[in-house]
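Results of the structural survey
What follows is the residue order along each chain.
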Amino acid sequence: MTRLGFRALKVLPAVALCALAVGCAQTPHTAHSSERARPVPTGSLDTLGTTSQAATTTPAPVTTMPPQSAPAQPAFTEDDARYTVRRYLSRWIGQPLQPDDTEGKYPLVCVGSTLANNPGRLTGTTAFDADRMTARTVDTGAAVTVPVTNSSAVTTVLTFTLRAATQGYCIVDIAS
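Right, let's walk through the structure included here. (Residues numbered from 1 in each chain as written. Predicted model: local features only at pLDDT ≥ 70, side-chain atom pairs only at ≥ 80, totals over all residues. Heavy atoms only, no water.)

Quick notes on the state of the cysteines
Counted by the stated rule, this structure contains one disulfide. For Cys 110, the disulfide goes to Cys 170, at an S-S distance of 1.9 Å. Its S-S torsion of approximately 90 degrees makes the covalent link between Cys 110 and Cys 170 right-handed. Residue Cys 110 is found in the loop between α2 (78-92) and α3 (114-117), and its partner Cys 170 is found in strand β5 (residues 168-175); the two are separated by 60 residues along the sequence. There is no split in this pair, since Cys 110 and Cys 170 are both buried. (Disulfide = S-S within 2.5 Å. Helix = DSSP H or I, 4+ residues; strand = E, 2+ residues; numbered from the N terminus. Buried < 20%, exposed > 50% of the residue type's maximum accessible area, 1.4 Å probe, protein only.)

Next comes the structure, spelled out in structure tokens:
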């Protein structure tokens, strides 16, 4: 046998083994009947490109929570508090984050709060420093501090008191 023929005999089994491992050699004619393609069930993940068969699962049992004495408030973060104050101040200086973001359409002031009864607390405000805004959560909501500049170019650090409500934080009061 020539050297080329001997080398071909060594390589051929490796190629055949590789083809079987990858599945190249399986055609509809050579595949076992249990491995032949079946129609994809409606709603199967196979329609998304996965190759596993659809499996039926039973839904998890529904457990009921014991009644609570007070409705639970959603968990809002310090980022949510900063965003609420940023929206409020942006509106106040005439640069709302979205053109239709108004108090009438999307209220940020808590109904019946100190700020609702005295809405002119920020009269003369022309700017604020969102980069220096800090927030901390408290039991009933959050407190946000932010440097605010008035029309006389005087900057004062104000603290906004926020309360957690159903739709997010609302502003209760502003203190210097």
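Section: the pairing of strand β2 (residues 134-138)
Consecutive side chains of a regular strand alternate in pointing toward one face of the sheet and then the other. Looking at chain direction, β2 and strand β3 (residues 141-150) are connected through five bridges and run antiparallel. Residue pairing in the sheet places Val 138 in a bridge with Gly 141 of β3. Joining the antiparallel neighbours β2 and β3 is a turn of two residues. (Pairing = 2+ DSSP bridges.)

Quick word on the pattern of salt bridges
With the rule as written, the count across this model stands at six salt bridges. Arg 87 is the salt-bridge partner of Asp 101, the closest N and O atoms lying 2.8 Å from each other. Residue Asp 101 is found in the loop between α2 and α3, and its partner Arg 87 is found in helix α2; the two are separated by 14 residues along the sequence. We note that Asp 101, like Arg 87, is buried. In this structure, the salt-bridge partner of Arg 91 is Asp 101, at a minimum N-O distance of 2.4 Å. Of this pair, Arg 91 sits in helix α2 while Asp 101 is found in the loop between α2 and α3, placing the two residues ten residues apart along the sequence. (Salt bridge = Lys/Arg side-chain N within 4 Å of Asp/Glu carboxyl O.)

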